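Tertiary structure, described
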Amino acid sequence: PALFLWNLDPTLLQMVLLALCGGLMGVLFMIPLRRFLIAREHGHLPYPEGTACAEVLVASEVGGAKARRVFQGLGLGALFKLLAGGLHLFPDAIQVQLPLLPRARLGTETSAALFGVGYILGPRVSLIMVGGGLLSSLVLIPAIALWGEGLTAPLFPETVKLISQMSAGEIWNRYVRYIGAGAVAAGGVMTLVKSLPTMIESFRIGARQLRDRLGEGASSVERTDHDLPLKAVGLGVGAIALVMATVPHVFGTFESFPVRLAASLLVVVFAFFFVTVSSRIVGLVGVTSNPTSGMTIATLIGVASLFLLLGWTDDVGKAASISVGCVVAIAASIAGDTSQDLKTGFILGATPRRQQLGELLGVLTSATVVCLAVLLLDAAYGFGTTDLPAPQATLMKLVIEGVLDSSLPWTLVAIGAGIAVIAEVAGVQSLAFAVGVYLPLTTTFPVFLGGMLRWWLERSAPTAEQKDSRRENGVLLGSGLVGGEGLLGVGIAAVAFLYGGAPSGIGSEWAGSLAPWVSALAFAGLILLIARSCRDTESRPGR
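First, a word on what this report is: a plain description of the structure on this page. (Residues numbered from 1 in each chain as written. Predicted model: local features only at pLDDT ≥ 70, side-chain atom pairs only at ≥ 80, totals over all residues. Heavy atoms only, no water.)

So, on to a nonpolar patch on the surface. A surface patch of nonpolar side chains, amounting to about 310 Å² of accessible area, comprises Leu57, Phe346, Ile347 and Leu348. By the secondary structure assignment, leucine 57 is in helix α4 (residues 48-62). Taking relative accessible area as the criterion, leucine 57 reaches 43% and is therefore assigned partly exposed. (Patch = residues over 30% accessible without salt bridge, like charges linked within 9 Å, V, L, I, M, F, W, Y side chains within 5 Å. Areas by Shrake-Rupley, 256 points an atom, 1.4 Å probe, with all protein chains shown as cover. Salt bridge = Lys/Arg side-chain N within 4 Å of Asp/Glu carboxyl O. Helix = DSSP H or I, 4+ residues; strand = E, 2+ residues; numbered from the N terminus. Buried < 20%, exposed > 50% of the residue type's maximum accessible area, 1.4 Å probe, protein only.)

Turning our eyes to something else, we now look at the packing of aromatic side chains. This model, assessed by the stated rule, comprises nine aromatic pairs. Summarising the aromatic geometry, the rings of phenylalanine 4 and phenylalanine 383 are spaced 5.4 Å apart at their centres and angled 35° between planes, so their arrangement reads as tilted. Of the two residues, phenylalanine 4 is situated in helix α1 (residues 2-5) and phenylalanine 383 in the loop between α13 (352-380) and α14 (391-404); the sequence distance between them amounts to 379 residues. Each member of the pair, phenylalanine 4 as well as phenylalanine 383, is classed as buried. Arranged with centres 6.2 Å apart and planes meeting at 80°, the rings of phenylalanine 115 and phenylalanine 523 form a pair that is edge-to-face. Within this pair, whereas phenylalanine 115 is found in helix α6 (residues 112-121), its partner phenylalanine 523 is found in helix α19 (residues 515-534), the two being separated by 408 residues in sequence. A residue is classified by how much of its surface remains accessible, and phenylalanine 115, at 1% relative accessible area, is buried. Aromatic ring contacts, followed pair by pair, group Phe80, Phe90, Phe115 and Phe523 into a single cluster. (Phe/Tyr/Trp six-rings, centres within 6.5 Å; stacked < 30°, edge-to-face > 60°.)

So, about the pattern of salt bridges. Tallying each qualifying case throughout the model produces ten salt bridges. Where arginine 35 meets aspartate 227, a salt bridge forms, and the shortest distance between an N and an O atom there is 3.3 Å. One end of the pair, arginine 35, is in helix α3 (residues 34-40); the other, aspartate 227, is in the loop between α8 (168-214) and α9 (230-246), with 192 residues separating them in the sequence. Each member of the pair, arginine 35 as well as aspartate 227, is classed as buried. Residues glutamate 149 and arginine 103 are paired through a salt bridge, measuring 3.7 Å at the closest nitrogen-oxygen approach. Of this pair, glutamate 149 sits in the loop between α7 (123-148) and α8 while arginine 103 sits in the loop between β1 (93-97) and β2 (105-109), placing them 46 residues apart in sequence. For arginine 103, a relative accessible area of 17% corresponds to the buried category. Residues participating in the shared-partner salt-bridge network are Arg34, Arg35, Asp225 and Asp227.

For the rest of this paragraph, the subject is helix α2 (residues 12-30). The terminal C-alpha atoms of α2, which comprises 19 residues, lie 27 Å apart, in line with the 27 Å expected from a rise of 1.5 Å per residue. With respect to burial, α2 is a largely interior element, 15 of its 19 residues being buried. (Expected span 1.5 Å × (residues − 1).)

Next up on the list: the side chain of lysine 397. Inspection of the secondary structure puts lysine 397 in helix α14. Each residue touching lysine 397, except ones within four places of it in the same chain, is listed here: Ala2, Leu5 and Trp6. (Contact = heavy atoms within 4.5 Å.)

In this section: the nonpolar core. By size, the foremost hydrophobic cluster in this structure holds 111 residues, and its most contacted members are Met244 and Phe274. For this core, the element with the highest residue contribution is helix α10 (residues 257-285), accounting for 15 residues. Once residues lying within four places of it in the same chain are set aside, the contact partners of methionine 244 are Cys21, Met25, Val250, Phe251, Arg260, Ser264, Val267 and Val327. Counting 17 residues, the second-largest nonpolar core is a separate cluster that includes Phe90, Phe523, Ile527 and Ala531. (Core = buried A, V, L, I, M, F, W, Y, C linked by side-chain atoms within 4.5 Å.)

Two elements in contact, α10 and helix α11 (residues 292-310), have axes whose closest approach is 10 Å; the angle formed by their N-to-C orientations is 155°. If you check the angle between α10 and α11, you find them roughly antiparallel. Where α10 crosses over α11, the handedness of that crossing is right-handed. Across the interface between the two elements, Val259, Ala262, Leu266, Phe270, Phe274, Val277, Ser278 and Ile281 from α10 touch Met295, Ala298, Thr299, Gly302, Val303, Leu306 and Phe307 from α11. Each residue belonging to the contact of α10 with α11 can be placed in one class, and the counts come to twelve nonpolar, three polar and no charged. (Axes fitted to C-alpha atoms, helices over the stretch in contact; angles between N-to-C directions. Parallel < 35°, antiparallel > 145°, perpendicular 65-115°, else oblique. Left-handed = near helix turned anticlockwise from the far one by under 90°. Nonpolar A, V, L, I, M, F, W, Y, C, P; charged D, E, K, R; others polar.)

Our next topic: the environment of leucine 83. Relative to the elements of secondary structure, leucine 83 occurs in helix α5 (residues 64-86). Residues leucine 83 and alanine 522 lie 439 residues apart in sequence; the distance between their C-alpha atoms is 9.7 Å. If sequence neighbours within four positions are ignored, leucine 83 has contacts with His88, Leu89 and Phe90.

The following block contains the structure:
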C-alpha cells in the first residue's frame, strides 16, 4: 500500500514475487532455529497458539472431558465474537479517561481470544506486557501532552496539529509508536545477542547431522528430529537472493542493478535477524501480539539510512526500501506462524521435515490470492482514503521519507531503545516489555486479565492436584477461545470481502450511553463463566 500512496503502483507480478520471496525465506530461516526455539526451549517458550492447536487435536482424539472443554471454549469464543464483532450488540473495546493526568486512559478490548492467550501465557509474561502498555498510556502520553501544552507550533514529526489539540490516540500514533519501535528494535538486538551461543550450537548440531547422513557410517536421526537439511536451506536462501538481485520485477527498479543487489543482500541480513526475533516473540506472547510493524520500522530505518549514505534518495531508493521492508515483514510474519505450527508438531510427535515442506507449499499457494485481494481493495476503495486509510502503510512511508529526507525523529527512537535497555538491566524480559510499549493498552490488557485469572485460580487451589486441574482446564478453554474467535473472524472477513464492507450488524445504539457498561458486563460474564468452568471438576466429584 505504501507504493500505491507514492503513486508507484506495483504490478501483480511484482507483488507476488515479493510475497513469495518473503514467505519462502521466513520458512527457510526458521528451519535451523527449530531445535533451539521449539525443542530446547520447550519449557520456557509456551507458543500459545501452537499449544492451543495441539490441545484441540489431542482433545479431539481423547474425547470426553478434554474435548468438552475445548469445544466449550470454541463455542464461547465464536459466540462472543459474533455478538461484539458481527452483530455489534456492544462495543468491542472500552476506554475510560482518567482524571488529573492529561490524555491518560485505561481500556481493554473485549476479546475472548486475547483473554485466552493471557491464560495460556500465564501471569508473568502478561504482567510484563501490560506494564509496557501502562508505561505508554499513563506516563509517556501524559508526559508528552503536558510538555506540549505550551507549544505554539506542531512538534516534529507532526507538521499540522499542535499537541494540545491531539487526542491520546493521535499522540500515541505520532510519537509513542516511534518510541515503541525503538524499544522493540533494541529488545530484539539484546534477545538475539543472548541467543547467539545456543543458536550457534544449534547450527553445529544441524551441520554434524548433515555430515552423518551423508557419510558411510550415518547415524540414525530420530523421526521427530528430522529437519530439512541445512544444505537445502542455504541453497534456497541463495536462490531467493539471486532472484531478487537479477529479476527486475521484484523491486521494480528495472534500470538499477546496484540498488537491486544491495536490496537483496539487506533482505537476507534483516530477514535472518527478525525471523529469529519474531519466532521468539510469538513463543512468548503469541502471533496476535507479534509487533511485525515494529520490526518493519527497524528494517526501514536501517535500509533507508544506508541508501541515504549511498545517495539513493529518489523514487528508486524509496521503492527499493519499502520493498525490502515488505519482504522482511512477510518473512518475520510467516516465521511466527511456522513456529506455532512446529510447536504443535513437537507436542504431537510430528515429523518436522514434512511440516516444513507443507509450510513451503503453503507459501506458494497463498501468495497470489493475497496479492489479488490487495489489488481488489485498492480498486474498490483506494489506499489512503477514508474507507481504507492504511495507517501502517502511511507510517512506513513517513519513516522512509523521514530518513531519506533527513527528518526522522531519532530522539523518540533512542528513548525507546533506552527503555528496553533499562528493562533488561532491571531483570525484566525486555522484548515482552517492549511489545507492551508498542502495542495499545487495549490489546495487552485482556491478555493481562487472562494471566491474572490463572494466577488467582492456581493460588487459591487447596491442593496441588486441583491446581494442575485448574491450569489444564483453563488452557483447554483458552485454546478453544482462540480458535472460536479466529474461525468466526474468518467468516466475518469473508462477508466483508463479498459485500465490499464489514457487516454493520444490529448496532449498539439500542443501549445508548450504557453501551460501554453492557460491553463491560458481557466481558465480565465471560470471565466469570471461564473461572467457574476451570473449577468445574471440583464441584462434581467422581467425574
